[in-house]
Amino acid sequence: MSGLIGFTTKNLSKEIGLKALTQMRGLIMHCDFYKTDNLFNNDAVFATRCHKGIIQKESQPFKNNGCYIWLEGELYNQEELKEHYGVKSETDLELLVDLYSISNNLDFLITIDGIFTAVLFDSNRGMLYLFNDRFGLQPFYWTVINKSFIWFSELKALLGFPEFKINLDRQAIKEYLRFGFFLNDKTWFKDVRLLSSATVLCFNIRTQELKEKKYWDLRNISINKNIDENAIIDELGRLFLQSVKKRFRVSERIGVTLSGGLDSRAIFAAIPLIDSPLPVVTFGRKGCLDIKIAKQVIKKRSNSKHHIFDINANNWLANRISGVWWSDGQKNIIHMHGITEIARNKELMDITLDGFLGDAILGGSYFNDKNFTIFEKFENRGRRFILLGQKIRGIYLFQRFPFFDKDLMDFVLSIPEHLRQDSYIYNRMLLSKFPEFFKEIAWCKTRVPISWNRYKGKIYRLPFTMRDRILKKINIHIASSQLYTDYLNWLKIDPAKQLVDEILQNPKAIYRDYIKSEDSEILFDSQRYRKISIDKIGLYITLEIWLQQLFHKKYLV
């Protein structure tokens, strides 16, 4: 995924510190085309960056008036910020330093629209700041070891720090196996934390004092009860189009991953018409509903080049062991759906516009969870599970998320929940702004267009529903043609079966120390796999691969 690495220390010599920095950076250098910046050290601070050479190509850190800054990501409202604060900064890096110098603090972050993590070192004051965008769309981790304050974009980088000792957090692992993701700021390791969204972490190098401040919270947006539905639809459409336009630049190699869902289709429909071909990628089983729908959508826009990547029993496992390493063992191997053709995507595009959590937030599907509030759902399942799938693609590409535009999201969060529930206002906006893409073309989730009322949809789906109920009752698994994968059957045949049996049926496997004893007994008999959910099986496989990578350097591809 590339990113930022560094630490403060008075305990290590310059030679050892630079060696540690090189080792840490090497652990997140996943591709031959990655670029590196120089190793920086200034008395007690060591820092560097590796990147894909797609954005922020200039060497870092940027330095001005004793301030040094490293940035992973980008800003989208630079002109607005320069006009508001009266500066003439030429780059994102310079702009951030200029705004800090003017304000003498980081309160200006609340005005920024972007996706980023950054480290700012103020050598004059002996202060170090870690901060991220308001939604925390770039993972960033930190810890303190023997008075060394350490930061890293990927957990595995910490393995290169000489004083780090692996100390697994059993409670965090228990939660990971229950929910499929870590909760809040927890990680595999005790005292190693994920930087919360919209957060500034301030470390005083001289006093070793550490302070954490949240500069924005989506729970603080006021609900607007005095606006009618038509006005909401118009403003929602305007802001969405504006967001896509800000993130689409003709000079860049930009593409879209198009599924049978609503969010990617909305982005595809909103992209400005251009002269050059727009690369579009769809993946899934041959003949699945996602591919059928994507083919219909692509016909609505001329000058688009559609690339279909087949996922099948023979190739679905490709890259997934690497995916465990890339995601720091946090992404269930079963849910790495787009990883098979990840390198081929790079041949088509450098940047992708992604529909990450569009329907979940705008469509209101995060309202109905009994375990989490919408805020907790975003911070946990959103950031700690769904986002990791996107970040795996980020090994090769840079991703932009139009639904997480500052102005758009501020407006969305002000819409009364009953209008967002069940995608009501979202669907109305899509049908109003992009009727040719949504009125007659089905949504994969319901098999019918969103223009149909629920009763008509239920009648249409009745034969499929009855079929699935009968098959379930007689204990027969036949994957619906609607689904783009068939993992339950694919796990039972090679090449997956050999790997799965090697991992799950090994009596000395490490994962057995962390799971229920009854699950362990069932997993020892591959014919009884179905007594445990496919998600659980995937989690156990992922856990074992990650632990083997951590402790024995095995399964490193």
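The structure this text deals with has already been given above.
Here's what I pulled together on the structure shown here. Computed from a predicted model, the values in this text were never measured in an experiment. (Residues numbered from 1 in each chain as written. Predicted model: local features only at pLDDT ≥ 70, side-chain atom pairs only at ≥ 80, totals over all residues. Heavy atoms only, no water.)

A word on a nonpolar patch on the surface
Note the cut-off: Each patch groups residues whose relative accessible area exceeds 30% and which form no salt bridge, using 9 Å between like charges and 5 Å between nonpolar side chains of Val, Leu, Ile, Met, Phe, Trp and Tyr. Methods summary: accessible areas were calculated by the Shrake-Rupley approach with a probe of 1.4 Å, and residue burial reflects only the protein chains presented. Counted as salt bridges are all cases of a side-chain nitrogen of Lys or Arg within 4 Å of a carboxyl oxygen of Asp or Glu. The numbering of helices and of strands both runs from the N terminus, where a helix is a DSSP run of H or I of at least 4 residues and a strand a run of E of at least 2.
Nonpolar side chains collect at one region of the surface, where Leu159, Ile166 and Phe551 lie side by side and expose about 210 Å² of accessible area between them. Its location among the elements puts Phe551 in helix 20 (residues 534-552).

Quick look at helix 7 (residues 289-298)
Since the α-helix packs 3.6 residues into each turn, any two residues three or four apart lie on the same face. Heads up, the rule is: The classification of residues rests on relative accessible area computed with a 1.4 Å probe and restricted to protein chains. Under 20% of the type maximum is buried, over 50% is exposed, and intermediate values are partly exposed. By definition in these notes, contact holds between two residues if any of their heavy atoms fall within 4.5 Å.
Within helix 7, 7 of the 10 residues are buried, leaving the element largely enclosed by the surrounding structure. Looking only at helix 7, the buried set comprises Leu289, Asp290, Ile291, Ile293, Ala294, Val297 and Ile298. The secondary structure elements touched by the buried residues of helix 7 are helix 6 (263-270), strand 15 (278-284), strand 16 (304-310) and helix 15 (435-438).

Quick word on the pairing of strand 7 (residues 114-122)
Operational definition: Only strands that DSSP links by at least two bridges are regarded as paired with each other.
Taking burial as the measure, the 9 residues of strand 7 include 9 buried ones, the bulk of the element. Because side chains alternate across strand 7, one face comprises the buried residues Gly114, Phe116, Ala118, Leu120 and Asp122, and the other comprises Ile115, Thr117, Val119 and Phe121, equally buried. Strand direction decides the pairing type here: strand 6 (residues 67-75) and strand 7, joined by 9 bridges, are antiparallel. Residue pairing for strand 7: Gly73 is matched across the bridge by Phe116. Direction of pairing for strand 7 relative to strand 8 (residues 127-132): antiparallel, over a ladder of 6 bridges. Across the sheet, the residue bridging to Asp122 is Met127, located in strand 8. Linking strand 7 back to strand 8 in an antiparallel pair, the connection comprises 4 residues, with Gly126 at a positive phi of about 65°.

What about the nonpolar core?
This is how the line gets drawn: Nonpolar core, defined: a set of buried Ala, Val, Leu, Ile, Met, Phe, Trp, Tyr and Cys residues in which side-chain atoms within 4.5 Å join the residues together.
In terms of nonpolar packing, the biggest core is built from 93 residues, with Phe131, Phe240 and Phe404 touching the most fellow members. Those residues in contact with Phe240, other than ones at most four positions away along the chain, are Ala266, Ile267, Ala270, Phe403, Leu408, Met429 and Phe434. Counting residues in each nonpolar core, the second largest holds 74 residues, with Ala157, Phe189, Ile321 and Tyr555 among its members.

Some thoughts on the layout of surface pockets
How we decide: Site definitions follow a grid-based scheme: protein atoms alone, a 1 Å grid, a 1.4 Å probe that fits but cannot get out for cavities, and for pockets an open set with protein on both sides within 12 Å along at least five of seven lines, plus lining residues having an atom within 4 Å of a point. Grid points are joined across faces, edges and corners, and a volume is the space filled by probe spheres set on the points.
Roughly 1,500 Å³ of volume is contained in the largest pocket. Looking at the lining of the largest pocket, the elements with two or more residues in it are helix 6, strand 15, strand 17 (351-353), helix 10 (358-361) and helix 11 (374-393). Here the element with the most residues in the lining of the largest pocket is helix 11; it accounts for 7 residues.

Looking at the environment of Leu27
Structurally, the position occupied by Leu27 is in the loop between helix 1 (14-26) and strand 2 (35-36). Measuring from C-alpha to C-alpha, the distance between Leu27 and Leu158 comes to 8.7 Å, with 131 residues separating the pair along the chain. Sequence-distant contacts of Leu27, defined by excluding residues within four places in its chain, comprise Lys156, Ala157, Leu159, Gly160 and Trp325.

Notes on the sheet that holds strand 18 (residues 398-400)
Filter applied, for reference: As a rule, the C-alpha atoms of each element are fitted with a line to give its axis, helices using only the stretch in contact, and angles between N-to-C directions run from 0 to 180 degrees.
A sheet is described by the order of its strands in space; here 5 strands give the open sequence 16-15-14-17-18, paired in parallel fashion. Edge strands, defined here as strands with exactly one partner in the open sheet, are strand 16 and strand 18. For this sheet, the mean angle separating the axes of adjacent strands, direction not counted, is 30°. Pairing of strand 17 with strand 18, which is carried by 3 bridges, proceeds in the parallel orientation. Paired with Leu353 across the two strands is Arg400, which belongs to strand 18.

Side note on the pairing of strand 12 (residues 199-204)
Across the 6 residues that make up strand 12, a large majority, 6, are buried. The two faces of strand 12 match: Thr199, Leu201 and Phe203 on one face and Val200, Cys202 and Asn204 on the other face are all buried. Note: strand 8 against strand 12, 5 bridges, orientation antiparallel. Looking at the pairing, Leu128 lines up with Phe203 of strand 12. Bridge count between strand 12 and strand 13 (residues 210-214): 5 bridges; the pairing is antiparallel. Residue Cys202 lies in a different strand from strand 13, and its bridge partner there is Lys211. Hairpin connection from strand 12 to strand 13: 5 residues lie between these consecutive antiparallel strands, with Gln208 at a positive phi of about 65°.

Quick look at the packing of helix 5 (residues 229-247) against helix 14 (residues 424-433)
We apply this condition: Roughly parallel covers angles under 35 degrees, roughly antiparallel covers those over 145, roughly perpendicular covers 65 to 115, and oblique covers all other angles. Helix crossings get a hand from a simple test, with the near helix turned counterclockwise from the far one by less than a right angle marking a left-handed crossing and a clockwise turn marking a right-handed one. Ten residues, namely Ala, Val, Leu, Ile, Met, Phe, Trp, Tyr, Cys and Pro, are considered nonpolar, four, namely Asp, Glu, Lys and Arg, are considered charged, and the remaining ones, Gly among them, are considered polar.
It is at 9 Å that the axes of helix 5 and helix 14 come closest, and there the two elements cross at 70°. Between helix 5 and helix 14, the angle falls in the class roughly perpendicular. Handedness of the helix 5/helix 14 crossing: right-handed. From helix 5, Glu229, Asn230, Ile232, Ile233, Asp234, Leu236, Gly237 and Phe240 reach across to helix 14, where they touch Tyr424, Ile425, Arg428, Met429, Ser432 and Lys433. Of the residues assigned to the contact of helix 5 with helix 14, the class counts are 7 nonpolar, 3 polar and 4 charged.

Details of unusual backbone geometry
For the bond running from Gln60 to Pro61, omega is 15°, close enough to zero to count as cis. Looking at the secondary structure, you find Pro61 in the loop between strand 4 (45-51) and strand 5 (62-64). Note that the residue after Asp494, namely Pro495, is joined by a cis bond; omega there is 10°. Examined against the element boundaries, Pro495 turns out to sit in the loop between helix 17 (487-490) and helix 18 (496-504). Unusually for a residue other than glycine, Asp43 sits at a positive phi of about 60°. Along the chain, the position of Asp43 falls in the loop between strand 3 (40-42) and strand 4. Positioned with a positive phi, Lys147 is a non-glycine residue whose angle comes to about 70°. Within the fold, Lys147 resides in the loop between strand 9 (141-145) and strand 10 (148-152).

A few points about the packing of aromatic side chains
Threshold: Here is the rule: rings of Phe, Tyr and Trp (six-membered ring for Trp) pair when centre to centre is within 6.5 Å. Planes less than 30 degrees apart are stacked, more than 60 are edge-to-face, and the remainder are tilted. We call a charge positioned above a ring when the Lys NZ or Arg CZ atom is no farther than 6 Å from the ring centre and deviates by at most 35 degrees from the ring normal.
A full pass over the atoms with the stated rule returns 36 aromatic pairs. When the ring of Phe240 is compared with that of Phe403, the centres are 5.0 Å apart and the planes differ by 35°; the resulting orientation is tilted. Taken as a pair, Phe240 in helix 5 and Phe403 in the loop between strand 18 and helix 12 (406-412) lie far apart in primary sequence, 163 residues in all. Comparing Phe240 with Phe403, the two get one shared label, buried. When the centroid spacing of 6.4 Å and the interplanar angle of 75° are considered together, the rings of Phe240 and Phe434 count as edge-to-face. One end of the pair, Phe240, is in helix 5; the other, Phe434, is in the loop between helix 14 and helix 15, with 194 residues separating them in the sequence. We classify Phe240 as buried; its relative accessible area is 1%. Following the ring pairs from residue to residue traces out a cluster consisting of Phe135, Trp216, Phe356, Phe378, Phe401 and Phe404. One cation-aromatic arrangement involves Arg219 over Phe375; the distance from NZ or CZ to the ring centre is 3.5 Å. Lys346 extends its terminal NZ or CZ atom over the ring of Phe33, reaching a point 4.8 Å from the ring centre.

Keep in mind these values describe shape, not function.
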